[in-house]
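# Analysis of the macromolecular model
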Amino acid sequence: MVSGIDRRSFLAAGAAIPAVAALPAVAADARRARTEPSLAPAPPMGWNSWNSFAVTITEAQARETARIMMRALLPAGYSVFTIDHQWYDPRAKGYEYNADIKPVMDGFGRFQPDPVRFPSSSGGKGFAALAADVHAMGLKFGIHRMRGIPRAAVEANLPIAGTTVRARDIADTTSICSWNVDMYGVDMHKPGAQAYYDGVFAEYASWGVDFVKVDDMSRPYDAHAPEIEAIAAAIRRCGRPMILSLSPGETPVIRADHVRRHAEMWRISDDFWDEWALLEAQFTRLENWSPYIGDGRWPDADMLPLGRLAMGARDTRFTSDEQRTLMTLWSIARSPLIMGGDLRHLDAATLGLLTNPEVIAVNQTSSANRPHLMEDGVRIWSARAPGGDRYIALFNTGAKPRRILFDLRQLGLNGAVAVRDLWARQPIGTMTGAVVRDVPSHGTSLLRVRAA
C-alpha cells in the first residue's frame, strides 16, 4: 500500500486499526466534491490560537496578533488566522475545560462568541466585524467548532432553524467526546439533522468565515463519517468557500479516499506539542500518508509549537536543530504550516525559521513527495521541484551526529549534480553519485540538487 516504505514501519502505524464495516453511502454532491477545484491548491499556511492561548483568547488579543501576523508572516504566505476552541464559553480558563459549561447560544442552539471576550459580537453580530477587519489585513478568518450539537441546546430542546424539529429530535446522546462535554453527536438519519448543520454553516458564511477546524472527528472515524459528510455538504451549500480541517486523532490511512473526498486537510495524530518523542513519531505517520499528499488534499501533522507557548508559560522545548527538523519534515511531506506560538513574543530566530523562502517553497510547490529510507536513526525523503530539480531531506533522528549518504541513482541521477543548502540559502558545490552530509543529532539537511 505504501510504495518504497519498510513494511515493518507501515504495520507499526497501521496494525492497531481495526477492521470496520463499509462507510455509509456518500451523497451525490459529496461524490462530486473531489472533481471540483480545490480551495487549498497548496497546503494552508497560517496561525492558530491554541498553542498560545488555549481557550482564553480575547478580541483584543486576536486583533493584536492578526496585525503582527499581517506584518511578519503574511509576506511569507501565512494567511489563515484561526481562533480555536470555546470562543463561546464566558468562563474559559485555559487548557482545562469547564465540566458545567454555560455557552453563549442563539435561539436555534448555535454557539455565539462570548460578548465579553469579543465585544464586537454583541447584538447577535457573531464574528462578522472581527472577520471583516481580519480580511482587511489581507488574511483569511478561521474558527474552531466541535462535532455535533450543544448539550445545552438539547437540554433546552431548542428549535432547529428552518424546520419543525427540535434539538432532542436529532441529538445522539450516546455519541459523546471523551475529552470534552460541550456536545452530543447528531444522528444523521433523523429529519432535520442536515438542516441543523446547514444552518450552522450558513451563519458562519454570514460572518465571513473562510476556514473551519472541526474537532472530535476521527475517534472512531467510521462512526463519525456521516457527520463528516454532512458538514462537507453544509459547507458546499452555504454560499461561501470554506476550507474544512478535520481534527484531531489518528485518521486511519485505510479511510484516505473518504477523507480526501470531504476535507481539504485532516489530522493524522493527536495534539502535537514540543517533545522529541512526538516529533519522531510523526515521521512514520507522514511516511504512511505519503501516497495521499496533493491534489488539494493534505494530511495534517498539526500545528508548529514554536516560540512562546502555553499561555506564556515557556518557550518551545525543541532545540534549534529539532526546530529545523520539524520545519523540514512538515515541508517535505507538505503538511499544512500553521504556527502555534504567541506572535507577540516572536523573536528573530523563530521568524527566520518560519519564513525561509527556500524551505517554504518545498512545502508549497513540490510534488512526488516520498520517503526513501527508514532505519534506526536515519530518515530520507525526496520531492520534485518545479522545473525538474530535486529536493532531498536527510534526517538524523539518533542521539549522536551522523554522516548520511543518499545514492542519487534512486532519483535517476547518474552524473554530477550541483547541490544547494536550503537552510543556509547557499550552494554547497558539486557531487557525483551521491550526496553526503554530516547531520547533527535530531537535525536535518535540506538540499536542492540539479544536474550539473
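Remember, predicted model here, so these are calculated numbers, not experimental data.

### Some thoughts on the overall build of the protein
Of the regular secondary structure elements, the protein holds 14 helices and 21 strands. Here the C-alpha radius of gyration of the protein, 22 Å, is about what a compact globule of 452 residues would show, namely 22 Å. The buried share among the 452 residues of the protein stands at 58%. Of the contacts formed within the protein by residues at least 6 apart in sequence, a portion of 72% connects residues at least 24 apart.

### Brief notes about the environment of N396
For N396, the location among the structural elements is in strand β16 (residues 390-396). If we skip the residues at most four places from it in the chain, N396 touches G377, P401, R402, I404, V439, P440, S441, H442 and G443. At a separation of 3.2 Å, a polar atom in the side chain of N396 contacts the main-chain carbonyl oxygen of P440.

### Describing the pairing of strand β15 (residues 378-384)
Among the seven residues in β15, six count as buried, and that is most of the element. Once strand β14 (residues 367-375) ends, the chain turns through two residues before running back antiparallel as β15, passing G377 with a positive phi of about 90°. As defined by bridge partners, β15 adjoins β16 across seven bridges and the pair is classed as antiparallel. Counterpart to R379 in the pairing with β16 is F395. Joining the antiparallel neighbours β15 and β16 is a turn of five residues, in which G387 adopts a positive phi near 95°.

### As for the domain arrangement of the protein
Here the protein is described as being made up of domain 1 (45-365) and domain 2 (372-451). Counting from both sides, the interface comprises 25 residues of domain 1 and, opposite them, 21 residues of domain 2. The closest approach of N and O atoms between E358 and R420, which form a salt bridge, is 2.8 Å. The interface formed by domain 1 and domain 2 contains ten residue pairs in polar contact (both at pLDDT 80 or more). The element best represented in the side of domain 1 that touches domain 2 is helix α12 (residues 320-332), accounting for eight residues. Of the residues assigned to the side of domain 1 that touches domain 2, the class counts are 13 nonpolar, six polar and six charged.

### Looking at helix α11 (residues 276-289)
With 14 residues, α11 extends 20 Å from end C-alpha to end C-alpha; this agrees with the ideal 20 Å at 1.5 Å per step. The element α11 is largely enclosed, with a buried count of ten among its 14 residues. Taken residue by residue, α11 has W276, L279, Q282, F283, T284, R285, L286, E287, N288 and W289 as its buried positions.

### Overview of the sheet that holds strand β4 (residues 149-150)
Ordered in space as β4-β6-β5, the three strands form an open sheet in which the pairing is antiparallel. The outermost strands of the open sheet, each flanked by one partner alone, are β4 and β5 (171-172). With two bridges connecting them, β5 and strand β6 (residues 183-186) associate as antiparallel partners. Among the inter-strand pairings, A171 is bridged to a residue of β6, identified as V186.

### Examining the side chain of E229
Inspection of the secondary structure puts E229 in helix α9 (residues 221-237). For the buried residue E229, which engages in no salt bridge, the nearest side chain bearing the opposite charge is R261, 5.7 Å off. One polar contact links E229 to H258, side chain to side chain, over a distance of 2.9 Å.

### Quick look at the sheet that holds strand β2 (residues 80-83)
Strands sit in the order β10-β9-β8-β7-β3-β2-β1-β13 across an open sheet of eight strands; the sheet is parallel. Bordering the open sheet on either side are β10 (298-300) and β13 (337-339), each of which pairs with just one other strand. Each neighbouring strand pair of the sheet contributes to a mean axis angle of 25°, computed without reference to strand direction. Judged from the three bridges that link them, strand β1 (residues 45-48) and β2 form a sheet pairing that is parallel. Following the sheet pairing, N48 is matched in β2 by T82. Sitting on the sheet, helix α4 (residues 59-72) touches β1 and β2, and the angle it makes with β2 is about 160°.

### Some words on the pairing of β2
On β2, burial covers both faces: V80 and T82 on one face and F81 and I83 on the other are all buried. Pairing geometry for β2 and strand β3 (residues 140-146), over four bridges, is parallel. From the neighbouring strand, T82 faces β3, where its bridge partner is G142. Where the polypeptide runs from β2 across helix α5 (residues 128-136) and back to β3, its parallel neighbour, the crossover connection is right-handed.

### Quick look at the nonpolar core
Core analysis: the biggest nonpolar cluster contains 109 residues, and F81, I83, W87, F141, I149, F201 and Y204 have the highest contact counts within it. Of all the elements, helix α8 (residues 193-207) adds the most residues to this core, at eight residues. A domain split of this core shows at least three residues from each of domain 1 (45-365) and domain 2 (372-451). Residues in contact with W87, not counting those within four places in the same chain, are F111, Q112, P113, D114, R117, F118, F127, I143, H144, Y204 and W207. Formed by 16 residues, the second largest nonpolar core is a distinct cluster that contains L394, L413, V419 and L447.

Here is what the cut-offs are and how they apply
Residues numbered from 1 in each chain as written. Predicted model: local features only at pLDDT ≥ 70, side-chain atom pairs only at ≥ 80, totals over all residues. Heavy atoms only, no water. Helix = DSSP H or I, 4+ residues; strand = E, 2+ residues; numbered from the N terminus. Rg over C-alpha atoms; globule rule 2.2 N^0.38 Å. Buried < 20%, exposed > 50% of the residue type's maximum accessible area, 1.4 Å probe, protein only. Contact = heavy atoms within 4.5 Å. Polar contact = N/O pair within 3.5 Å; in protein donor to acceptor, adjacent residues only side chain to side chain. Pairing = 2+ DSSP bridges. Domains from an automatic or database assignment. Salt bridge = Lys/Arg side-chain N within 4 Å of Asp/Glu carboxyl O. Nonpolar A, V, L, I, M, F, W, Y, C, P; charged D, E, K, R; others polar. Expected span 1.5 Å × (residues − 1). Lys, Arg positive; Asp, Glu negative; His and termini not counted. Axes fitted to C-alpha atoms, helices over the stretch in contact; angles between N-to-C directions. Right-handed = clockwise from strand over helix to strand, strands pointing away. Core = buried A, V, L, I, M, F, W, Y, C linked by side-chain atoms within 4.5 Å.

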